[in-house]
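Now for the letters of each chain:
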Amino acid sequence: MTWLWKVPDLRTRVAFARRNAPGDIFTQIARLIVYYVSTLIIFVLKPVDYLGQSIFKIAFHFGTVIGFFYVFGLLFFLLLSALWIPFWGLLVGSSWLWLNQAWTRPILFLPRMALSLALTVILMLVPDPEKHPKYVTLTQEWPLSWNLWYPPPVYFEEHNIWDPDVNPYEADRLFENLKRQRETATERDSTQS
């Protein structure tokens, strides 16, 4: 998952995740600290983010004229994306653990809060002009990040979302239906032969 990830219902996912968040003291404190400190980080680094994106936007504009710089820029962002994936996995994986295994919360409390805040800084410093501005919400809403990235089926049922492009469960259901139809057709063909 790179910072180019665009989801049309992010605001609704955040509201759902907050409404269904665990109510224990560790979760409340972690959410409070991570949200407000990362909001401060975002505010402080917004000018740096804007400047970096502007510089790379201009460089890409002129880079299309000089193919070498354009290719260099694309390779640079490919490398950044590849480096981001393990950190993203740690963020979302620890969120999954936090939400599904309550006993891990005291263990994950400090290290994963620090990771979330460090990743907020990294996301703000990535100079990609195509970066989605709301992607930083994944780090800002930790330990609820898992429910933002992969909401449970209840979310899609509650909001009546049946679009396979938005709802991964609907895509799985459609795939299973197609698979069953093919198996039935194969069985029917084999019995008729």
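Residues numbered from 1 in each chain as written. Predicted model: local features only at pLDDT ≥ 70, side-chain atom pairs only at ≥ 80, totals over all residues. Heavy atoms only, no water.

A few words now on the overall build of the protein. Across its full length, the protein holds eight helices and zero strands. Mapped from its N terminus to its C terminus, the protein presents α and β elements in the order α-α-α-α-α-α-α-α. By the burial criterion, 37% of the 193 residues in the protein qualify as buried. The contacts in the protein between residues at least 6 apart in sequence include a share of 74% that link residues at least 24 apart. (Helix = DSSP H or I, 4+ residues; strand = E, 2+ residues; numbered from the N terminus. Buried < 20%, exposed > 50% of the residue type's maximum accessible area, 1.4 Å probe, protein only. Contact = heavy atoms within 4.5 Å.)

Grouped together as the largest cluster of nonpolar side chains are 31 residues, with contacts concentrated most on Trp98, Tyr135, Leu138 and Trp142. Of all the secondary structure elements, the ones that give two or more residues to this core are α1 (10–19), α2 (25–63), α3 (67–100) and α4 (105–125). Beyond its immediate chain neighbours, meaning those up to four positions away, Trp98 contacts Phe26, Thr27, Ala30, Thr104, Arg105, Leu108, Phe109, Trp142 and Pro143. (Core = buried A, V, L, I, M, F, W, Y, C linked by side-chain atoms within 4.5 Å.)

For the bond running from Trp142 to Pro143, omega is 15°, close enough to zero to count as cis. Considering the arrangement of structural elements, one finds Pro143 in the loop between α5 (137–140) and α6 (145–149).

According to the stated counting rule, one finds five salt bridges in the structure shown. With its nearest N and O atoms 3.0 Å apart, the salt bridge here joins Asp9 to Arg13. We note that Asp9, like Arg13, is buried. (Salt bridge = Lys/Arg side-chain N within 4 Å of Asp/Glu carboxyl O.)

Quick look at α1 now. Buried within α1 are the following residues: Leu10, Arg13, Val14, Phe16 and Ala17. The buried residues of α1 all sit within an arc of 165° when viewed along its axis, so they share a single face. Turning to α1, the residues buried within the fold contact α5, α6 and α7 (153–158). (Arc of directions from axis to C-beta.)

Let us now look at the confidence of the model for the protein. Within the protein, residue pLDDT values average 84, and 85% of them lie at 70 or more. Of all secondary-structure elements in the protein, the lowest mean pLDDT belongs to helix α8 (residues 168–192), at 73, while α4 reaches the highest, 93. (pLDDT = per-residue confidence, 0-100.)

What follows covers the layout of surface pockets. A water-sized probe rolled over the atoms picks out the places where empty space is left. What the largest pocket holds in volume is close to 490 Å³. If you go around the largest pocket, you meet 24 residues; those closest to its centre are Pro133, Lys134, Tyr135, Val136 and Thr137. Counting residues per element, the ones that place at least two in the lining of the largest pocket are α1, α2, α4 and α5. The leading source of residues in the lining of the largest pocket is α2, at six residues. (1 Å grid on protein atoms, 1.4 Å probe; cavity = no way out; pocket = protein on both sides within 12 Å on 5 of 7 lines; lining within 4 Å. Points joined across faces, edges and corners; volume = space filled by probe spheres on them.)

One pass over the full model with this rule turns up ten aromatic pairs. Note on Phe56 and Phe76: the rings are 5.6 Å apart at their centroids and 15° apart in plane angle, and the pair reads as stacked. Here the residue Phe56 occupies a position in helix α2, and Phe76 occupies one in helix α3, the gap between them amounting to 20 residues. When the ring of Trp149 is compared with that of Tyr150, the centres are 5.6 Å apart and the planes differ by 35°; the resulting orientation is tilted. Note on Tyr150: relative accessible area 23%, which makes it partly exposed. A connected cluster of aromatic rings, assembled from ring pairs, spans Trp88, Trp146, Trp149 and Tyr150. (Phe/Tyr/Trp six-rings, centres within 6.5 Å; stacked < 30°, edge-to-face > 60°.)

The subject of this paragraph is empty space enclosed by the protein. Enumeration according to the criterion identifies one cavity of 30 Å³ or more in this entry. In this model, the largest cavity occupies a volume close to 40 Å³. Trp5, Val7, Leu10, His132, Lys134 and Tyr135 are the residues that line the largest cavity. Residues that form the lining of the largest cavity fall into these classes: four nonpolar, one polar and one charged. (Nonpolar A, V, L, I, M, F, W, Y, C, P; charged D, E, K, R; others polar.)

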